[in-house]
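# Coordinate inspection notes
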Amino acid sequence: MPSEPEACLLLVRAGRRFPLNAGQSWAIGRGAGCAVALDSRSVSRLHALVQRREGGGYSLVDLGSRNGCFVNGQRVSLPRLLSDGDLLVFGDQELLFRADPSRASEAAAPGASVREMPTAAMHMQSLATFVVVDIRDFTRLTRSVPEAVLAQTVGTWFLQVGQIAARRGSWASKYIGDAVMAVWLHDDPAGVAAGVAGALRAVDEIQSATAGIHSQFPIPAPLRIGAGINTGTAIVGGGDTTAMGEAVNAAFRLESATKELGLGVALGERTYSELRVAGESPFVRREVELKGYESPRAVWAISFEGLRQFLKRE
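Just so it is clear, the structure is predicted and the values come from calculations on it, not from any experiment.

## Let's talk about the side chain of His-186
Locating His-186 in the fold gives a position in the loop between strand S14 (179-185) and helix H3 (192-213). Within polar-contact distance, the side chain of His-186 engages the side chain of Thr-129 at 2.7 Å. Excluding residues that lie within four positions of it along the chain, His-186 makes contacts with Leu-127, Ala-128, Thr-129, Gly-191, Val-192, Gly-195, Val-196 and Thr-231.

## What to know about the pattern of salt bridges
What the rule picks out here adds up to 11 salt bridges. For Arg-297, the salt bridge goes to Glu-246, with nearest N and O atoms at 3.5 Å. Of this pair, Arg-297 sits in strand S19 (residues 297-302) while Glu-246 is found in helix H4 (residues 246-261), placing the two residues 51 residues apart along the sequence. Judged by relative accessible area, Arg-297 falls into the partly exposed class, the value being 31%. Classification of Glu-246 as partly exposed rests on a relative accessible area of 42%. For Glu-274, the salt bridge is made with Arg-276, and the minimal N-O distance between the two is 3.7 Å. The exposure class of Glu-274 is buried, given its relative accessible area of 12%. Members of the salt-bridge network, linked through shared partners, are Asp-134, Arg-136 and Glu-255.

Calculation rules
- Residues numbered from 1 in each chain as written.
- Predicted model: local features only at pLDDT ≥ 70, side-chain atom pairs only at ≥ 80, totals over all residues.
- Heavy atoms only, no water.
- Helix = DSSP H or I, 4+ residues; strand = E, 2+ residues; numbered from the N terminus.
- Polar contact = N/O pair within 3.5 Å; in protein donor to acceptor, adjacent residues only side chain to side chain.
- Contact = heavy atoms within 4.5 Å.
- Salt bridge = Lys/Arg side-chain N within 4 Å of Asp/Glu carboxyl O.
- Buried < 20%, exposed > 50% of the residue type's maximum accessible area, 1.4 Å probe, protein only.

Have a look at this one:
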């Protein structure tokens with residue numbers, strides 16, 4: 001007999017099963033091509049997204065749906081971690097989330113590459129570039145717009161950021177409150193420069209996508225973001241954590257430093273060195289006090305417009 005899928009959504013009324021065992025994300029809606037196709041006018045064409053988390057679990061993200069998403073009667077405003085037995089409601093459609101937690105701890109088959117291994121089984125030092133992008137003044141936004149608008153806005157932003165990062169070569173992305181961390185693994189030391197370039201181009205595209213969201217939803221002002229980028233070794237994997245270590249912490253601190261610097265993007269020294277900037281550099285070098293560090297750290301900062309011009313000349 002075939003084995004049960006790792007997880008699935010079960011359409012309550014019809015008993016139809018939608019497996020969640022191939023890929024990293026599954027679109028839910030009534031539009032053509034949705035992995036979870038729901039035939040109801042109360043469901044938006046692209047209603048929501050189920051994403052496989054780096055720790056092996058699953059999250060539900062609202063994608064700006066007209067009637068919203070609900071888990072056990074609670075509206076989903078930010079990505080929601082799903083638990084076995086959760087009841088998901090999209091319009092007038094009810095689905096039951098079923099998971100098989102026994103498979104979460106399975107080790108990868110011998111010879112599997114790092115990219116194929118379940119994150120929960122990985123505990124290894126890897127060289128990587130970490131990008132942290134954070135929405136500015138998010139608390140103020142939550143207080144100034146209705147919950148439904150917030151869900152639509154943030155859900156759309158998360159989806160676009162994840163898509164851009166993946167298209168630019170990111171190995172994994174993780175949603176953390178009002179921020180996204182994307183990871184570029186450098187399996188080949190000779191390819192670090194290319195990976196860093198991909199990360200910077202992702203940040204540029206994320207800035208453009210973020211600016212465009214204001215025209216899609218009734219929010220009081222355009223969304224603003226800051227981005228920290230750092231390259232170094234870290235432990236990749238480990239349960240629900242995409243990556244952990246000093247290099248990861250520094251990326252978060254660099255993003256926070258952009259507020260003090262008054263510029264949109266801040267790079268760590270290793271990241272900047274991999275750019276091998278020729279001629280006059282558009283980046284500004286600053287010594288910045290980063291939280292958790294005893295002495296000031298060198299930071300290379302640039303505005304989003306400056307980054308765009310830099311990438312055009314490369």
